[in-house]
Amino acid sequence: MPATDIGVTDALHARRSVRAFTDKPVDPALLREIFTAAQRAPSGGNLQPWQATVLTGEPWAAVKDAVAARIAMGRDGQEPEYDIYPRALTAPWTDRRFGVGEALYASLGIPREDKAGRLARFMDNYRGFGAPVMLFLHCSRIMGPPQWSDMGMWLQSVMLLLVEHGLASCPQECWAMYGATIRRTLGLDDGQILFTGLAIGYADTDAAVNRWPVPRAPLGEVIDWQGF
């Protein structure tokens, strides 16, 4: 699909974490074009620390199967690469985190008391919400917080370029809970650390889970103006 004439501001407003994809395949030539453009993302010292493994078909199915086997082991099957959320998280961040979760389940009609229903829906994370393509973003373990910031800028560049080309995505740090399993399945050595997954495909625009409004904090909560 050719690029649209969408501007950066429109792409930012259009991008969302899509949690229901169609099974329409994604042209690998288009992905190559997007990743080539994303290489212009900034990085300190031009290190370009990001490394990605992009899967579809049988390799993607193999990762899902391997992680499913670990999930079946319960907590003993988890191999977290890092704490996805700070252990001492407080307000206002806890309010934002739990608020968006409640809004998500409300869009699906799953009440708080339906624990089984919520768990079943959460497990869709580990199927990439039906996306035909999964990108796993990783880097060398010698990299520190500044380089992880670089990876985030590269990832945002990819997500906005996907929007420009009519594609959708969902960044998924949840895969880091099974990082060692994924690294083994991908053939990555222990010198790599898994940062996140990125589900890629075409959004199911009829799915309610893709239509609920996701709030953002007002500027007064995040910007301190000085000297203006």
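Placed above this text is the structure.
Residues numbered from 1 in each chain as written. Predicted model: local features only at pLDDT ≥ 70, side-chain atom pairs only at ≥ 80, totals over all residues. Heavy atoms only, no water.

1. Points about the overall build of the protein
Thinking step 1. The helix and strand tally for the protein stands at eight helices and four strands.
Thinking step 2. Going residue by residue from the N terminus, the α and β elements of the protein occur as α-α-β-α-α-α-β-α-β-α-β-α.
Thinking step 3. Its C-alpha atoms give the protein a radius of gyration of 18 Å, near enough to 17 Å, the size a compact globule of 228 residues would have.
Thinking step 4. Projecting the C-alpha coordinates of the protein onto the three principal axes gives extents of approximately 55 × 40 × 40 Å.
Thinking step 5. The 228 residues of the protein split such that 42% are buried.
Thinking step 6. Partitioning the contacts of the protein with sequence separation of at least 6, the portion at a separation of at least 24 is 84%.
Thinking step 7. Within the structure as shown, the protein displays about 12,800 Å² of accessible surface, and the carbon and sulfur contribution to it stands at 57%.
Thinking step 8. Here the protein carries 22 positive and 25 negative side-chain charges, and the mean point of each set is 4 Å from the other. (Helix = DSSP H or I, 4+ residues; strand = E, 2+ residues; numbered from the N terminus. Rg over C-alpha atoms; globule rule 2.2 N^0.38 Å. Buried < 20%, exposed > 50% of the residue type's maximum accessible area, 1.4 Å probe, protein only. Contact = heavy atoms within 4.5 Å. Areas by Shrake-Rupley, 256 points an atom, 1.4 Å probe, with all protein chains shown as cover. Lys, Arg positive; Asp, Glu negative; His and termini not counted. Charge placed at Lys NZ, Arg CZ, Asp CG, Glu CD.)

2. Thoughts on the packing of helix 2 (residues 28-38) against helix 6 (residues 145-164)
Thinking step 1. Two elements in contact, helix 2 and helix 6, have axes whose closest approach is 9 Å; the angle formed by their N-to-C orientations is 135°. Between helix 2 and helix 6, the angle falls in the class oblique. In terms of crossing hand, the pair formed by helix 2 and helix 6 is right-handed. Along the contact surface, helix 2 presents Leu31, Ile34, Phe35, Ala37 and Ala38, while helix 6 presents Trp154, Ser157, Val158, Leu161 and Leu162.
Thinking step 2. Counted by class, the contact of helix 2 with helix 6 contains nine nonpolar, one polar and no charged residues. (Axes fitted to C-alpha atoms, helices over the stretch in contact; angles between N-to-C directions. Parallel < 35°, antiparallel > 145°, perpendicular 65-115°, else oblique. Left-handed = near helix turned anticlockwise from the far one by under 90°. Nonpolar A, V, L, I, M, F, W, Y, C, P; charged D, E, K, R; others polar.)

3. Let's talk about a nonpolar patch on the surface
Thinking step 1. Judged by side-chain polarity, Leu219, Val222, Ile223, Trp225 and Phe228 come together as a nonpolar surface patch covering roughly 620 Å² of accessible area.
Thinking step 2. Examined against the element boundaries, Val222 turns out to sit in helix 8 (residues 219-222). (Patch = residues over 30% accessible without salt bridge, like charges linked within 9 Å, V, L, I, M, F, W, Y side chains within 5 Å. Salt bridge = Lys/Arg side-chain N within 4 Å of Asp/Glu carboxyl O.)

4. Brief notes about the nonpolar core
Thinking step 1. With 27 residues, the main nonpolar core has Ile34, Leu137, Trp154, Val158, Leu162 and Leu198 as its most contacted residues.
Thinking step 2. Listing elements by their share of this core, those giving two or more residues are helix 2, strand 2 (133-140), helix 6 and strand 4 (192-201).
Thinking step 3. In terms of residues, this core owes the most to one element, helix 6, which gives seven residues.
Thinking step 4. Those residues in contact with Leu137 that lie beyond four places of it in its chain are Trp50, Gln51, Ala52, Met151, Trp154, Leu155, Ile193, Leu194, Phe195 and Thr196.
Thinking step 5. Counting residues in each nonpolar core, the second largest holds 22 residues, with Trp60, Val63, Trp175 and Ala199 among its members. (Core = buried A, V, L, I, M, F, W, Y, C linked by side-chain atoms within 4.5 Å.)

5. Remarks on the pairing of strand 2
Thinking step 1. Among the eight residues in strand 2, eight count as buried, and that is most of the element.
Thinking step 2. Taken together, the five bridges between strand 1 (residues 51-55) and strand 2 define a ladder with antiparallel strand orientation. Bridge pairing links Leu55 to Met134 in strand 2.
Thinking step 3. Here eight bridges tie strand 2 to strand 4, and the two strands are oriented antiparallel to one another. Bridge assignment links Leu137 to a residue of strand 4, and that residue is Thr196. (Pairing = 2+ DSSP bridges.)

6. Overview of the side chain of Arg183
Thinking step 1. As for its placement among the helices and strands, Arg183 is situated in helix 7 (residues 179-186).
Thinking step 2. Dropping the residues within four chain positions of it, Arg183 is found in contact with Glu81, Arg141, Leu188, Asp189, Asp190, Gln192, Ile193 and Leu194.

7. Looking at the pattern of salt bridges
When charged atoms on two side chains of opposite charge get close, those side chains can pair.
Thinking step 1. This structure, assessed with the given rule, holds 11 salt bridges.
Thinking step 2. Where Glu81 meets Arg183, a salt bridge forms, and the shortest distance between an N and an O atom there is 3.0 Å. With Glu81 in the loop between helix 3 (57-71) and helix 4 (93-108) and Arg183 in helix 7, this pair connects stretches of sequence that are 102 residues apart.
Thinking step 3. One salt bridge in this structure joins Asp124 and Arg127, with 2.6 Å as the shortest N-O distance.

8. With respect to unusual backbone geometry
Thinking step 1. Ala91 connects to Pro92 through a cis peptide bond whose omega is 10°.
Thinking step 2. Locating Pro92 in the fold gives a position in the loop between helix 3 and helix 4.
Thinking step 3. In the Ramachandran plot, Gln48 falls in the positive-phi region, its phi being about 50° despite a non-glycine side chain.
Thinking step 4. Tracing the backbone shows Gln48 in the loop between helix 2 and strand 1.
Thinking step 5. A residue is classified by how much of its surface remains accessible, and Gln48, at 29% relative accessible area, is partly exposed.
Thinking step 6. At Phe129, a position not held by glycine, the phi torsion is positive, near 55°.
Thinking step 7. The residue Phe129 is located in the loop between helix 5 (115-122) and strand 2 in this model.

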